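Survey of secondary and tertiary structure
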Amino acid sequence: LVGEVGNTVKSLKRVTPGAGVPSTHPWMQNEKKGLTEIVGDETSAYEYMHEGRKGPDPWRQLIADHRKALQGAREKHQPESTILIGKSMGGRIGCHVSLGEKVDGLVCLGYPLCAMSNRTKLRDEVLRALTVPILFAQGARDPLCPLDLLQTVRAEMKAPNFLHVVDGGDHSLRVRVRQLQATSETQEDINRQIFKAIADFIDQLPN
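1. Some points on the pattern of salt bridges
Side chains that differ in charge, positive against negative, can pair when their charged atoms come close. Inspection of the entire model under this criterion finds eight salt bridges. Where Asp-189 meets Arg-192, a salt bridge forms, and the shortest distance between an N and an O atom there is 2.5 Å. Taken together, the residues Asp-189 and Arg-192, both in helix α7 (residues 187-203) and three residues apart, mark about one turn of the helix. Arg-192 sits in the partly exposed class, given a relative accessible area of 46%. Put simply, Asp-200 and Lys-196 hold a salt bridge, and the shortest N to O gap is 2.9 Å. With a gap of four residues between them, Asp-200 and Lys-196 both fall in helix α7, about one helical turn apart. In the salt-bridge network here, residues are joined through shared partners; they are Arg-67, Arg-74 and Glu-101.

Shown next as structure tokens:
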């Protein structure tokens, strides 16, 4: 949970899953493993998909529970810096939590900018309120976050913000097999590029 980032910063990294999967899902396990290998830390996942439930808890409860879990982890490990990493809705939660907690960086994997893929219903208010550096890792064909809309929001954000685009990636940052074959890449190659972008982002954060 606590270790060396870029050989300089002790960091607490918490990964939050999206609305549809628990932290035990293979996608989440792969993210945790990849972050651990690339960044050089053990990474923990915050769990809000409870056994027997078909969906997450109510929104305000999610934010409150995430904040409580973060505070508990800080008391236990006393890290020098904190990075919140979230998939889809988990990224939104991290953004909201950072408004009331001291957080050093945010990473959103497939930020759900458009509610129900509706371009007129943007979840951008929290992004405009941020002051914490944030990295977006977005699939180029993600209907929940069209890159043109994200670019408009990013240009109007106060927080330092960065973007890693997965060419041909969907909401889960996965690329079609046909495209991978055409470029002689694998999904593992794509994932490594994402992890590298995250590691580079964390390395450039202020100590």
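2. Quick notes on helix α5 (residues 147-155)
Along α5, the residues classified as buried are Leu-149, Leu-150, Val-153 and Arg-154. The buried residues of α5 all sit within an arc of 135° when viewed along its axis, so they share a single face. Structurally, α5 contributes buried residues whose contacts are with α4 (125-129), β6 (134-139) and β7 (161-166).

3. A short note on the environment of Val-175
With respect to the helices and strands, Val-175 occurs in the loop between β7 and α6 (177-183). Overall, Val-175 belongs to the buried group, its relative accessible area being 8%. Separated by 12 residues in sequence, Val-175 and Gln-187 place their C-alpha atoms 6.8 Å apart. Those residues within four positions of Val-175 in sequence are excluded, and the remaining contacts are Arg-141, Val-166, Asp-167, Gly-168, Gly-169, Leu-180, Gln-187 and Ile-190.

4. Details of the packing of helix α2 (residues 59-77) against helix α3 (residues 89-98)
The N-to-C vectors of α2 and α3 enclose an angle of 70°; their axes lie 10 Å apart at closest approach. Our classification of the angle between α2 and α3 gives roughly perpendicular. Pair α2 / α3 crosses with right-handed handedness. Residues Trp-59, Leu-62, Ile-63, His-66, Arg-67 and Leu-70 of α2 form the contact with α3, whose own contacting residues are Met-89, Arg-92, Ile-93, His-96 and Val-97. Its residues assigned to classes, the contact of α2 with α3 comprises seven nonpolar, two polar and two charged.

5. Section: the side chain of His-171
With respect to the element layout, His-171 can be found in the loop between β7 and α6. Given the relative accessible area of 18%, His-171 is considered buried. Of the polar contacts made by the side chain of His-171, one reaches the side chain of Asp-142; its length is 2.8 Å. Not counting the four nearest positions on each side in its chain, His-171 is found in contact with Lys-87, Ser-88, Gly-110, Pro-112, Asp-142 and Leu-144.

Cut-offs and rules
- The residue numbers shown here count from 1 along each chain, following its written sequence.
- A pLDDT threshold of at least 70 governs which residues receive local features in this predicted model, and a stricter bar of 80 or more applies before side-chain atom pairs are shown or counted, although totals over entire chains, interfaces and linings include all residues.
- Side-chain metrics rest on all non-hydrogen atoms present in the structure, leaving aside hydrogens and water.
- Put simply, a salt bridge is a Lys or Arg side-chain nitrogen that is within 4 Å of an Asp or Glu carboxyl oxygen.
- The secondary structure listing takes helices from DSSP runs of H or I that are at least 4 residues long and strands from runs of E that are at least 2 residues long, numbered from the N terminus.
- Per-residue accessibility, obtained with a 1.4 Å probe over protein chains only, is compared with the maximum for each type, and a residue is labelled buried under 20%, exposed over 50%, and partly exposed between these values.
- Taken from the helix axis, the directions to the C-beta atoms give the arc we talk about.
- A contact between two residues is defined here by any heavy atoms of the two lying within 4.5 Å.
- Angular values range over 0 to 180 degrees, each being the angle between N-to-C directions of two axes fitted as lines to C-alpha atoms, with helices fitted over their stretch in contact.
- The cut-offs work like this: below 35 degrees is roughly parallel, past 145 is roughly antiparallel, 65 to 115 is roughly perpendicular, and the gaps in between are oblique.
- Crossings are classed by handedness, with left-handed meaning an anticlockwise turn of the near helix from the far one by less than a right angle and right-handed meaning a clockwise turn.
- Classes in brief: Ala, Val, Leu, Ile, Met, Phe, Trp, Tyr, Cys and Pro nonpolar; Asp, Glu, Lys and Arg charged; the others, Gly included, polar.
- Throughout this description, a polar contact denotes any pair of N or O atoms lying within 3.5 Å of each other; where both atoms belong to protein, one of them has to be capable of donating a hydrogen while the other can accept it, and for residues adjacent in sequence the pair is counted only when both atoms sit in side chains.

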